[in-house]
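# Remarks on the overall topology
Residues per chain are reported as follows:
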Amino acid sequence: GTVPVALGGCPALSMIGMRSCGITRMGGESVPPSLRWLILTDNKLESLPDEIGTAKSLQKLMLAGNMLTTLPPSMASCSELELVRLSANNFDTIPPFLLSLPKLSWLALASNPVLGGGGC
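The text that follows walks through the structure, step by step, so that each part is easy to find. Being a predicted model, the structure only gives us computed values, none of them experimental.

Parameters and conventions
Each chain carries its own residue numbering, running from 1 in the written order of its sequence. Given that the model is predicted, a residue must reach a pLDDT of at least 70 before its local features are reported, and side-chain atom pairs must reach 80 or more before they are shown or counted; all residues, however, enter totals for whole chains, interfaces and linings. Note: side-chain values were computed over all heavy atoms of the structure, leaving out hydrogens and water. Helix and strand definitions follow DSSP, with helices as H or I runs of at least four residues and strands as E runs of at least two, each counted in order from the N terminus. Burial classification: accessible surface area is computed with a 1.4 Å probe over protein chains only, and a residue below 20% of its type maximum counts as buried, one above 50% as exposed, and the rest as partly exposed. Residues adjacent in sequence count toward polar contacts only when both atoms are side-chain atoms; beyond that, a polar contact is any pair of N or O atoms within 3.5 Å, and within protein one must be able to donate a hydrogen and the other to accept it. Here, residues are in contact when the closest pair of their heavy atoms is within 4.5 Å. Only one rule defines a salt bridge in this text: a Lys or Arg side-chain nitrogen within 4 Å of an Asp or Glu carboxyl oxygen.

Quick look at the side chain of Asn66 now. Tracing the sequence through the fold places Asn66 in the loop between strand S3 (60-62) and strand S4 (83-85). The class of Asn66 is buried, set by a relative accessible area of 5%. Within the structure, the side chain of Asn66 is placed 3.0 Å from the backbone oxygen of Leu63, a separation counted as a polar contact. The contacts of Asn66, once residues within four sequence positions are left out, are Leu40, Thr41, Asp42, Asn43, Lys44, Leu45, Ala88 and Asn89.

In structure tokens, the structure reads:
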């Protein structure tokens, strides 16, 4: 499945939650301008669109249980990002920009190759 394109046209939409929905793709046109919370836990995503970096109000990014290997560098612009949950994906490295986000206070990376494939 795909995150619906229509969501990107909702100017006041601040939260998208689609857990365990078999999502394989999120196109750039699906990113609403007021997005604060993106919850796509336990899907089949392999990537996020570069347009996610336009979500300047993004605070919470919950992407555990997908097949991600990286995040778009455009997310360095998401300076309000506080919580990032990337556990149980395929990250070999930590995206460098994450460590310089000024408000990041919670980062979960368990069960990724970057940690040797183990839990914590």
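For the coordinates displayed, the defined rule picks out three salt bridges. Close ionic contact of Glu29 with Arg25 constitutes a salt bridge, the shortest N to O distance being 3.8 Å. Under the relative-accessibility criterion, Glu29 is labelled partly exposed at 40%. Among the ionic pairs, Lys103 bridges to Glu80, the shortest N-O distance being 2.8 Å. Note that Lys103 is positioned in the loop between S4 and strand S5 (106-108) and Glu80 in the loop between S3 and S4, a separation of 23 residues in sequence.

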